[in-house]
Amino acid sequence: MFQESHPYVRRFIRFLALPYCYFKLINWKECKVGKWQVVKDLLYIFFCLKYFPDNYSPCRLWEKSRDEWRYYYGSSYHSYQRSKLRKEVQTYERQILFDDKSICEQLCKGMDVVLPKSFGVISPDDEYNKIIKDIFNGNVKISKIIIKPILGHAGRGIVLAEKVNNKVIVKTGVSNVDLNNFKLSGKAFVQEVVSQDEAISKISSSSVNTIRVLTLYTMTREVIIISSSMRFGVGESFVDNWSAGGVAIGVDHETGKLKKVAYDKYGNQYHKHPISNVTFENFQIPKWDQILKVAATVQGSCPFYKLIGMDIAMTPDGPVLIEVNANPDLVFQEQTSGPLLRDKRVLKEFDKYDLLVNKYQKNLLIPDEITA
């Protein structure tokens, strides 16, 4: 692809988008510094830290000193980050193994992990309404199925089919329609909706709430956890995605306990779930060691793709791998769990793969006693 091969062209396009970042991506209700200071901050990030400043508002960088900003890696979609990641860590030609949900399921079936029951792929050319109805008729224990665009991401286009009083209703997130009136817009992957752990349901029961775990396969063939967070649906949403109105909070991946503050996409902060009012801080995710084992198993089985994100649900019977993400959103991770490069081991492993993009990040590798 043209932009994959030309990071400088991509960066020029990002430069032209800086006014959009200023006018559309800043949460001005929360931002506590003057508008001229924001302009200077955005230019500093773009030209000195060398990435598009779309993390400025979600990560509330105005609250932090510039010395802290160097620990943030920025989005993997930015020009320099993307070009470096594509060389070895996230090679473009192998991304389809995870992007295509049907292919990814076949790949994960060869691993020692639990997956949701799947019912294959449906297409607008199929008698998809009948296929969906037959799924419920043939599986009396199943009351809900999730229908995902086969190449979808960020929760877009996902619908939920639910059997209610012998009638199948499809929830689109905008409206509820009878199955007979449901129009499938493209190829989709169909899965059972798993039941989640009771303790997690007390925080949010509208959706299956997943833990996003990011892993890195190192040059010494080890798997390390580089970040983890948990997402919660809000209101009537049946998906927990941050981009679909949910909130997310960092997880201490040493203990599996939630951190203190959750965030929505715009950087608003929440100490309690906005609907259930359950406090987040120190909530213990059940069977955390098993979740880490699933993440390590998947990454260890994919040494050809060295940085991936896994969405894992905790059911009463243990963790279930819901999805594997080839390009996990790093801004989301750094918003909820803190800057990636704060972890010295992550910093060193990123340097080994030549992923660092500015001199400030590289200076972090110099021992403090030398820089003092």
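Our subject is the structure that appears above.
Predicted, not measured: the structure shown is a model, and the values here were computed from it.

**Regarding the overall build of the chain**
Along the chain, the regular secondary structure elements total 15 helices and 13 strands. A compact globule built from 372 residues would reach a C-alpha radius of gyration of about 21 Å, and the chain, at 21 Å, matches this within 12%. Projected onto the principal axes, the alpha-carbon positions of the chain cover approximately 70 × 45 × 45 Å. Each of the 372 residues in the chain was classed as buried or not, and the buried ones make up 51%. In the chain, of all internal contacts separated by at least 6 residues, the share reaching a separation of at least 24 is 61%. Taking the average location of the 51 positive side-chain charges in the chain and that of its 41 negative ones, the two points are 4 Å from each other.

**As for the sheet that holds strand S7 (residues 210-217)**
The strand order S11-S10-S9-S8-S7-S12-S13 describes an open sheet built from 7 strands, whose pairing is antiparallel. Lying at the two open borders of the sheet, with one neighbouring strand each, are strand S11 (269-270) and strand S13 (318-325). Taken together, the 7 bridges between S7 and strand S12 (residues 307-315) define a ladder with antiparallel strand orientation. In the strand pairing of S12, Arg212 is matched with Asp311.

**Some thoughts on the packing of aromatic side chains**
One pass over the structure, following the stated rule, counts 14 aromatic pairs. Both rings, one in Tyr22 and one in Trp28, keep their centres 5.1 Å apart while their planes meet at 70 degrees; by these two values the pair is edge-to-face. Taken together, the aromatic side chains of Tyr44, Tyr56, Trp62, Trp69 and Tyr360 make up a single cluster linked through ring pairs. The ring of Phe52 carries Arg14 above its face, with NZ or CZ at 5.2 Å from the centroid. Note that Arg66 overlies the ring of Tyr44, its terminal NZ or CZ placed 4.2 Å from the centroid.

**Looking at the nonpolar core**
In terms of nonpolar packing, the biggest core is built from 34 residues, with Met230, Phe232, Leu258, Ile285, Val298, Leu321 and Val324 touching the most fellow members. Elements with a minimum of two residues in this core: helix H8 (101-109), S7, strand S8 (223-232), strand S9 (247-252), strand S10 (257-263), helix H11 (288-300), S12 and S13. Per element, the largest residue contribution to this core is 5 residues, and it comes from H11.

**Focus: helix H2 (residues 7-16)**
Along an α-helix, residues three or four apart share an orientation, since each turn contains 3.6 residues. Those residues of H2 that sit buried are Pro7, Arg10 and Arg11. Down the axis of H2, the buried set is contained in an arc of 100 degrees. They therefore lie on one face. Projecting away from the buried face of H2 at angles above 90 degrees are the exposed residues Tyr8, Phe12 and Leu16.

**Some words on unusual backbone geometry**
Of note in this structure, Arg221 is not a glycine but carries a positive phi near 65 degrees. Secondary-structure assignment places Arg221 in the loop between S7 and S8. Residues other than glycine seldom take positive phi values, yet Asn277 does so here, at roughly 65 degrees. With respect to the secondary-structure elements, Asn277 resides in the loop between S11 and H11. Judged by relative accessible area, Asn277 falls into the exposed class, the value being 51%.

**Topic: a nonpolar patch on the surface**
Residues Val9, Phe12, Ile13, Phe15, Leu16, Leu43 and Phe47 make up a contiguous nonpolar surface patch of roughly 640 Å² in combined accessible area. When contributions to the nonpolar patch are tallied by element, the ones reaching two or more residues are H2 and helix H4 (35-49). The element contributing the most residues to the nonpolar patch is H2, with 5 residues. Structurally, Leu16 is set in helix H2.

**Brief notes about the pattern of salt bridges**
Within the structure shown, the criterion is met by 13 salt bridges. When the shortest N-O distance is used, the salt bridge between Arg60 and Glu30 registers 2.9 Å. Of this pair, Arg60 sits in the loop between H4 and helix H5 (66-69) while Glu30 sits in the loop between helix H3 (18-24) and H4; the two residues are 30 residues apart in sequence, bridging distant segments of the chain. We note a salt bridge from Arg345 to Glu222, for which the minimum N-O separation is 3.2 Å. Of the two residues, Arg345 is situated in helix H13 (residues 344-352) and Glu222 in the loop between S7 and S8; the sequence distance between them amounts to 123 residues. For Arg345, a relative accessible area of 38% corresponds to the partly exposed category. Here Glu222 falls in the partly exposed class, since its relative accessible area comes to 37%. Among the ionic contacts, a cluster of salt bridges with common partners joins Glu30, Arg60 and Glu63.

Thresholds, definitions, all that
- Residues numbered from 1 in each chain as written.
- Predicted model: local features only at pLDDT ≥ 70, side-chain atom pairs only at ≥ 80, totals over all residues.
- Heavy atoms only, no water.
- Helix = DSSP H or I, 4+ residues; strand = E, 2+ residues; numbered from the N terminus.
- Rg over C-alpha atoms; globule rule 2.2 N^0.38 Å.
- Buried < 20%, exposed > 50% of the residue type's maximum accessible area, 1.4 Å probe, protein only.
- Contact = heavy atoms within 4.5 Å.
- Lys, Arg positive; Asp, Glu negative; His and termini not counted.
- Charge placed at Lys NZ, Arg CZ, Asp CG, Glu CD.
- Pairing = 2+ DSSP bridges.
- Phe/Tyr/Trp six-rings, centres within 6.5 Å; stacked < 30°, edge-to-face > 60°.
- Lys NZ or Arg CZ within 6 Å of the ring centre and 35° of its normal.
- Core = buried A, V, L, I, M, F, W, Y, C linked by side-chain atoms within 4.5 Å.
- Arc of directions from axis to C-beta.
- Patch = residues over 30% accessible without salt bridge, like charges linked within 9 Å, V, L, I, M, F, W, Y side chains within 5 Å.
- Areas by Shrake-Rupley, 256 points an atom, 1.4 Å probe, with all protein chains shown as cover.
- Salt bridge = Lys/Arg side-chain N within 4 Å of Asp/Glu carboxyl O.

Keep in mind these numbers describe shape, not what the thing actually does.
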